[in-house]
Number of protein chains: 2
Amino acid sequence: MQLTRQSEYAIRTMLELSMLPEGEFMQSRTIAARQELPEQFLNKTVQILARSGLVETRRGMQGGIRLTVKPGEITIADVVAAVEGKIALNPCLADGYHCANQPACRVHGILKRAQAAMLAELGKETFAELAGEDENRITS
Amino acid sequence: MQLTRQSEYAIRTMLELSMLPEGEFMQSRTIAARQELPEQFLNKTVQILARSGLVETRRGMQGGIRLTVKPGEITIADVVAAVEGKIALNPCLADGYHCANQPACRVHGILKRAQAAMLAELGKETFAELAGEDENRITS
DNA sequence: AGTAATAAGATGATATTTATCCTGTTTGTG
DNA sequence: CACAAACAGGATAAATATCATCTTATTACT
Ligand code: SF4
Ligand code: SF4
């Protein structure tokens, strides 16, 4: 019932990239250092983001990672889905899964609504907003 | 990002017990059979529920498991919390954890709201309501 | 050519999940 | 009291997921 570390790393990476001028690259070393993430593991994570089409990478000198989407058009929900696959609070909420007593199951409906509510919140703020002002936050 | 099987088993067990006349026992074999759950594993799960004060057990003939709470006073949120511990979408949402950049972290706030929204839905219907009528549900 | 950067595959250390087995303990019944 | 029924609890284990790290490419700029 928790995000994986990898999802968090991905979110913080996307946040870092969202703060860059559009089209600019940032290197994974830099991201790792700034966010204090394990560099090699971050590389793997970036590969996932790249395959999902959220970022693109360039090798060699002057290389690095940059967004292929506009910060205003993606949310934490998108990043988590990219890293962990489509979110499903329970197997019966995943595509293609079928539970025998699902039609009558009242638990199913509740879980479904809970998941929808969670996703709605995760999808409310875009990275553009997240990367914006850092102050005037509610602390806790 | 998913409930454990054990949580689901616990929910379905509580649901089964909620349908019993107040104060009555049901045996774990019966629950396991009716809900098609692995019996021994269910026993472990029941122990957790018992330690959390949601059910009480009696050994020996005529023994079994019964609720120690009123079905109208507990929700899925309570059961999941009992089995998995207090829900925290991310380590920084758990009690006592401290992340260095938490005060300024805007991700934290979003995760917190997402979690709150999810818990609100999970806490909306009590087991009394869940155990009530089985029909007139939205199927998908 | 050389260097800086990501890609990709293999491997592994841990932790969690999902059980099962065996033995103990409690309790009602005859 | 002996027995059987039912849960309790500890040990064990298989499967899977998580969180990496190591090594060897491959790509691209200079
Ligand atoms: S019993 Fe209900 S909640 Fe559980 S898997 Fe089946 S449909 Fe989903
Ligand atoms: S970086 Fe933000 S979201 Fe991540 S653990 Fe720290 S406070 Fe929580």
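Residues numbered from 1 in each chain as written. Chains lettered and ligands numbered in written order. Predicted model: local features only at pLDDT ≥ 70, side-chain atom pairs only at ≥ 80, totals over all residues. Heavy atoms only, no water.

Draft legend 1. A look at the relation of the copies chain A and chain B. Screw-axis analysis of chain A against chain B gives a translation of 0.0 Å along the axis, an RMSD of 0.1 Å, and a rotation angle of 180°. What the rotation and shift describe, once combined, is the action of a two-fold rotation axis. With an isologous cut-off of 70% or more, the 100% of interface residues of chain A that recur at the interface of chain B puts this contact in the isologous class. (Least-squares fit on C-alpha atoms with pLDDT ≥ 70 in both. Contact = heavy atoms within 4.5 Å.)

Draft legend 2. Quick look at the side chain of serine 28 of chain B. Residues and elements named next belong to chain B. Here serine 28 lies in helix H2 (residues 28–35). Residue classification places serine 28 among the buried residues on the basis of a relative accessible area of 12%. Only 2.9 Å separates the side chain of serine 28 from the side chain of asparagine 43, close enough to count as a polar contact. When residues no more than four places from it in sequence are discounted, the contact partners of serine 28 are Glu39, Leu42, Asn43 and Ile65. (Helix = DSSP H or I, 4+ residues; strand = E, 2+ residues; numbered from the N terminus. Buried < 20%, exposed > 50% of the residue type's maximum accessible area, 1.4 Å probe, protein only. Polar contact = N/O pair within 3.5 Å; in protein donor to acceptor, adjacent residues only side chain to side chain.)

Draft legend 3. Representation of the protein's contact with DNA strand D in the model. The full set close to DNA strand D counts 24 residues, and Tyr9 of chain A together with Gln27, Ser28, Lys44 and Thr57 of chain B are the nearest of them. Residue glutamine 27 of chain B places a side-chain N or O atom 2.8 Å away from a phosphate oxygen belonging to DNA strand D. Between DNA strand D and lysine 44 of chain B, the relevant distance is 2.7 Å, taken from a base oxygen to a side-chain nitrogen or oxygen of the residue. For the surface near DNA strand D, the secondary structure elements donating two or more residues are helix H1 (5–18) and helix H3 (39–51) of chain A together with helix H3 (39–51), strand E1 (55–58) and strand E2 (64–67) of chain B. Looking at the surface near DNA strand D residue by residue, the class counts come to 6 nonpolar, 11 polar and 7 charged. (Near = heavy atom within 4 Å. Nonpolar A, V, L, I, M, F, W, Y, C, P; charged D, E, K, R; others polar.)

Draft legend 4. The site of ligand 2, seen in detail. By nearness alone, every residue bordering ligand 2 is listed as Glu8 and Arg12 of chain A together with Asn90, Cys92, Cys99, Asn101, Gln102, Cys105, Val107 and His108 of chain B. With respect to ligand 2, its neighbouring residues span chains A and B. Within the residue set of the shell around ligand 2, elements represented by two or more residues are H1 of chain A together with helix H5 (106–122) of chain B.

Draft legend 5. Examining the site of ligand 1 more closely. The local shell around ligand 1 consists of Asn90, Cys92, Cys99, Asn101, Gln102, Cys105, Val107 and His108 of chain A together with Glu8 and Arg12 of chain B. Site remark: ligand 1 is flanked by residues from chains A and B. At the level of elements, helix H5 (106–122) of chain A together with helix H1 (5–18) of chain B are the ones that each hand at least two residues to the shell around ligand 1. Residues belonging to the shell around ligand 1 are distributed by class as follows: 4 nonpolar, 4 polar and 2 charged.

Draft legend 6. The arrangement of the protein's contact with DNA strand C in detail. Taken together, 24 residues lie near DNA strand C, and Gln27, Ser28, Thr57 and Arg59 of chain A together with Tyr9 of chain B sit nearest. When atoms of DNA strand C within 4 Å of the protein are sorted by moiety, sugar and phosphate together comprise 68%. The contact in question runs from a phosphate oxygen of DNA strand C to an N or O atom on the side chain of arginine 51 of chain A, over 3.4 Å. The backbone of arginine 5 of chain B places a nitrogen or oxygen atom 3.1 Å from a phosphate oxygen of DNA strand C. Looking at the surface near DNA strand C, the elements that each hand over two or more residues are H3, strand E1 (55–58) and strand E2 (64–67) of chain A together with H1 and H3 of chain B.

Draft legend 7. Spatial organisation of the pairing of E1 of chain A. Residues and elements named next belong to chain A. Here 4 bridges tie E1 to E2, and the two strands are oriented antiparallel to one another. Within E2, the residue paired with valine 55 across the bridge is leucine 67. Connecting the antiparallel pair E1 and E2 is a turn made up of 5 residues, with glycine 60 showing a positive phi of about 80°. (Pairing = 2+ DSSP bridges.)

Draft legend 8. Just the packing of aromatic side chains, in detail. All names here are of chain A. Counted by the stated rule, this structure contains 2 aromatic pairs over all chains. Seen in terms of ring centroids, tyrosine 9 and phenylalanine 41 are 5.8 Å apart; in terms of plane orientation they differ by 85°. Their pairing is edge-to-face. On the criterion of sequence distance, the pair formed by tyrosine 9 in helix H1 and phenylalanine 41 in helix H3 is long-range, its members being 32 residues apart. Owing to a relative accessible area of 35%, phenylalanine 41 belongs among the partly exposed residues under this scheme. (Phe/Tyr/Trp six-rings, centres within 6.5 Å; stacked < 30°, edge-to-face > 60°.)

Draft legend 9. Quick peek at the pattern of salt bridges. Per the counting criterion, the structure on display carries 14 salt bridges over all chains. One salt bridge in this structure joins arginine 34 of chain A and glutamate 16 of chain A, with 2.4 Å as the shortest N-O distance. Separated by 18 residues along the polypeptide, arginine 34 of chain A in helix H2 (residues 28–35) and glutamate 16 of chain A in helix H1 bring together distant segments of the chain. The exposure class assigned to arginine 34 of chain A is exposed, which follows from its relative accessible area of 51%. Residue class for glutamate 16 of chain A comes out buried when judged on its relative accessible area of 3%. One salt bridge in this structure joins glutamate 8 of chain B and arginine 5 of chain B, with 3.9 Å as the shortest N-O distance. Separated by 3 residues within a single helix, glutamate 8 of chain B and arginine 5 of chain B lie in helix H1, roughly one turn from each other. Look at glutamate 8 of chain B and you get buried, because its relative accessible area is 11%. (Salt bridge = Lys/Arg side-chain N within 4 Å of Asp/Glu carboxyl O.)

Draft legend 10. Structural context of the environment of arginine 34 of chain B. Placed 37 residues apart in sequence, arginine 34 of chain B and proline 71 of chain B show a C-alpha to C-alpha distance of 19 Å. In contact with arginine 34 of chain B, not counting residues within four places along its chain, are Glu16, Met19 and Met26 of chain B.

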